[in-house]
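One-letter residues, chain by chain:
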Amino acid sequence: GENVEQHPSTLSVQEGDSAVIKCTYSDSASNYFPWYKQELGKRPQLIIDIRSNVGEKKDQRIAVTLNKTAKHFSLHITETQPEDSAVYFCAASGGGNKLVFGAGTILRVKS
Amino acid sequence: NAGVTQTPKFQVLKTGQSMTLQCAQDMNHEYMSWYRQDPGMGLRLIHYSVGAGITDQGEVPNGYNVSRSTTEDFPLRLLSAAPSQTSVYFCATGGQGPDTQYFGPGTRLTVL
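Residues numbered from 1 in each chain as written. Chains lettered and ligands numbered in written order. Predicted model: local features only at pLDDT ≥ 70, side-chain atom pairs only at ≥ 80, totals over all residues. Heavy atoms only, no water.

## Re the overall build of chain B
Next, step 1: Helix and strand content of chain B: 0 helices and 11 strands.
Next, step 2: Order of helices (α) and strands (β) in chain B, N terminus to C terminus: β-β-β-β-β-β-β-β-β-β-β.
Next, step 3: The dimensions of chain B, computed from C-alpha atoms along their principal axes, are 35 × 25 × 25 Å.
Next, step 4: Taking all 112 residues of chain B together, the buried fraction comes to 50%.
Next, step 5: In chain B, once contacts between residues fewer than 6 apart in sequence are set aside, the share between residues at least 24 apart is 54%.
Next, step 6: Summed over its atoms, the accessible surface of chain B is roughly 5000 Å², and 51% of this surface lies on carbon and sulfur atoms. (Helix = DSSP H or I, 4+ residues; strand = E, 2+ residues; numbered from the N terminus. Buried < 20%, exposed > 50% of the residue type's maximum accessible area, 1.4 Å probe, protein only. Contact = heavy atoms within 4.5 Å. Areas by Shrake-Rupley, 256 points an atom, 1.4 Å probe, with all protein chains shown as cover.)

## Quick word on the sheet that holds strand β8 (residues 76-78) of chain B
Residue and element names in this part refer to chain B.
Next, step 1: Taking strand neighbours across the sheet as the criterion, the 4 strands line up as β1-β3-β8-β7 in an open arrangement whose pairing is antiparallel. Lying at the two open borders of the sheet, with one neighbouring strand each, are β1 (4-7) and β7 (64-66). Neighbour-to-neighbour, the strand axes of this sheet turn through a mean angle of 20 degrees, independent of strand direction.
Next, step 2: Examined bridge by bridge, β7 and β8 share 3 bridges and lie antiparallel to one another. In the strand pairing of β8, Val66 is matched with Leu76. (Pairing = 2+ DSSP bridges. Axes fitted to C-alpha atoms, helices over the stretch in contact; angles between N-to-C directions.)

## A word on the interface of chain A and chain B
Next, step 1: The interface is formed by 18 residues belonging to chain A together with 22 residues belonging to chain B.
Next, step 2: Between chain A and chain B we count 0 salt bridges in total.
Next, step 3: Those elements that provide at least two residues to the side of chain A that touches chain B are β4 (32-38), β5 (45-51), β9 (86-93) and β10 (99-101) of chain A.
Next, step 4: Class assignment for the residues of the side of chain A that touches chain B results in 8 nonpolar, 5 polar and 5 charged. (Salt bridge = Lys/Arg side-chain N within 4 Å of Asp/Glu carboxyl O. Nonpolar A, V, L, I, M, F, W, Y, C, P; charged D, E, K, R; others polar.)

Structure (structure tokens):
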């Protein structure tokens, strides 16, 4: 089945800097790659997603890139702000009906 | 429009007790799923359903049962609670397949 690895496990950046979180997946049939943000004590919320027929997608300060050949995808956050501090999860869904999540990255934005 | 609701928010059980975690949605989504979240392990799929009357196992199904008699409800049953089932449980729904899932607020379960 699908296996998703996420790096780094923790990431500290200065306010205004960029943050990059990377994920690799194992199942070449995976075709949907969402990113979720989870604040302390709250539910995960979708922030951006990308499908396998697209290489990059942007939404304001957030972007996701996908390299299907290498089977990895990344989340890029530019001009980070303190409210970006949270746990970020990547996920991949293969040909079946299962969404497999990475272990998460704790992002700390220092002001 | 409440979205996805879960009850209870908190629960403490003793080893061996059984209970049902409730999940309901008013988004008319076909796909529903249950995840457990443990520190450092992300979200792991327990069971999922692609529509009323259809359920299937996820990554960690042992010790849990589900049923899907209606589109709106997807309860998760713990048959005989064990300390290893201490976790935060999230229900999620999606329009088609696992795409774009919307999570409920979660249930924090402690098994003593």
